Amino acid sequence: MDTQTIVLLLPLIILELVLKIICLRDWLHRERFKGVPKSAWLLIFLFINLFGPVVYLLYGRKTDGDY
Amino acid sequence: MTFLEKSIVKKEILEMVRTSRLLIWTVVCMIIGIVSPLTAYYLPDIISAFGATENIAISFGKITYQDSVEQYIKNFGQIGTIVLILMMMGSVAGEKVDGSVQFLLVRPVGTISILVAKFVSLLVLLVTGLLGSMLTMGFYTWYLFPGFPGFRFIYANLFLFLYFFAIGIITIAISASVRKPILAGIGTLGVWLLASIMGAIRSIGPFSFAKLPEQVIQTIEGFPFEWQPIVGTAILLCLFILAGTMLFNRWEPND
């Protein structure tokens, strides 16, 4: 892989990492989750690119309003 | 606009930030803006790498900015649409489930004000995301492909905006009519699929809102845009807004 390719891919990697870090921070501080257990959500947002963090942030977090 | 209505709009925008919807949409748009030109640029290398393992030589024509724009439209048409539906399907139905709509309706706030606030927040969401994608896509395509018409690209993105606005409004309208977010998601996916199939029918096809992304390519290539998809989208949106408002008005919180 040449330098140009690495430089061009860098913003993509950073954006994907930003999403994963946001998910990880939220996951560490949260006790209640929807659908699947806490550990499963970790695997989902770490190993499924783009859609993993999106689904976790939209539907994984249980808030006070959720029953 | 009354103070209360302004407050609802503000609440919707804050909600978008708090639930990370604004962040998700902006990051997804920026990723699409980066991935599309890169995929077009490296496609010959990727395919050749696969061909090399099978001892097959594959030749390609010159890859241009048109290929990059086509990828952009394809990615937005699939990933963008699904992500937007996932984000908006709970906008009203989700609030019916958690009880926040009931909390709002006991104040002197009409269902129309609630829906208008949702539409305004959708506008903010779309503008932010599409600005992000235009920036990344514009820069990468300008850098990788010579002759990229930047100004026409900005203008052409209005069609993409209109397409996503239509998807968003349809999702909110269906979400206001049903009791569960998943039903709103399935309903919108159904309308989207139907519009895509309709696009293939010669007599009514040109009026389908699924034809809007094609206008982006047409505009970038310097051809005049077609008015039929715009008219078709406007009529469809009026119908959905009307039906959504009527059904939301008839909804009883203890249903």
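Our subject in this report is the structure included herewith.

Each aromatic ring pair is specified by the distance between its two centres and by the angle formed by the two planes. Residues and elements named next belong to chain B. The tally for this structure, following the rule as stated, stands at 20 aromatic pairs over all chains. Both rings, one in Tyr-41 and one in Tyr-42, keep their centres 5.0 Å apart while their planes meet at 90 degrees; by these two values the pair is edge-to-face. For Tyr-41, a relative accessible area of 31% translates into the label partly exposed. Both rings, one in Phe-248 and one in Trp-251, keep their centres 6.1 Å apart while their planes meet at 25 degrees; by these two values the pair is stacked. Phe-248 sits in the buried class, given a relative accessible area of 1%. Pairwise contacts between aromatic rings join Trp-25, Tyr-65, Tyr-72, Phe-76, Phe-148, Phe-153, Tyr-163, Phe-164 and Phe-209 into one cluster.

It is worth spelling out the interface of chain A and chain B at this point. With 19 residues of chain A in contact, the opposing surface of chain B contributes 26 residues. Carbon and sulfur atoms make up 78% of the area that chain A and chain B hide from each other, which totals about 2,000 Å². Where chain A meets chain B, there are five residue pairs in polar contact (both at pLDDT 80 or more). Of all the elements in the fold, those that place two or more residues in the side of chain A that touches chain B are α1 (3-29) and α3 (51-60) of chain A.

The next subject is the packing of helix α7 (residues 150-177) of chain B against helix α9 (residues 212-220) of chain B. Residue and element names in this part refer to chain B. Across the interface, α7 lies against α9 with an axial gap of 8 Å and an inter-helix angle of 170 degrees. The angle between α7 and α9 falls in the class roughly antiparallel. Note on element contacts: α9 touches α7 through Leu-212, Pro-213, Gln-215, Val-216, Thr-219 and Ile-220, opposite Arg-152, Phe-153, Tyr-155, Ala-156, Phe-159, Leu-160, Leu-162 and Tyr-163. Among the residues making up the contact of α7 with α9, the classes are represented as eleven nonpolar, two polar and one charged.

Residue and element names in this part refer to chain A. Tallied over the full model, the rule gives nine salt bridges over all chains. The partner of Asp-26 in a salt bridge is Arg-61, with the nearest N and O atoms 3.5 Å apart. On the criterion of sequence distance, the pair formed by Asp-26 in helix α1 and Arg-61 in the segment after α3 is long-range, its members being 35 residues apart. Taken individually, Asp-26 and Arg-61 each receive the classification buried, so the pair is uniform in this respect.

Residues and elements named next belong to chain B. Note that Ser-175 resides in helix α7. Of note is the side chain of Ser-175, whose polar atom sits 2.8 Å from the backbone nitrogen of Ala-93. Setting aside residues no more than four positions away along its own chain, Ser-175 makes contact with Met-88, Met-89, Gly-90, Ser-91, Val-92, Ala-93, Lys-96 and Ala-184.

Conventions we followed
- Residues numbered from 1 in each chain as written.
- Chains lettered and ligands numbered in written order.
- Predicted model: local features only at pLDDT ≥ 70, side-chain atom pairs only at ≥ 80, totals over all residues.
- Heavy atoms only, no water.
- Phe/Tyr/Trp six-rings, centres within 6.5 Å; stacked < 30°, edge-to-face > 60°.
- Buried < 20%, exposed > 50% of the residue type's maximum accessible area, 1.4 Å probe, protein only.
- Contact = heavy atoms within 4.5 Å.
- Buried area = accessible area lost by both parts, 1.4 Å probe.
- Polar contact = N/O pair within 3.5 Å; in protein donor to acceptor, adjacent residues only side chain to side chain.
- Helix = DSSP H or I, 4+ residues; strand = E, 2+ residues; numbered from the N terminus.
- Axes fitted to C-alpha atoms, helices over the stretch in contact; angles between N-to-C directions.
- Parallel < 35°, antiparallel > 145°, perpendicular 65-115°, else oblique.
- Nonpolar A, V, L, I, M, F, W, Y, C, P; charged D, E, K, R; others polar.
- Salt bridge = Lys/Arg side-chain N within 4 Å of Asp/Glu carboxyl O.

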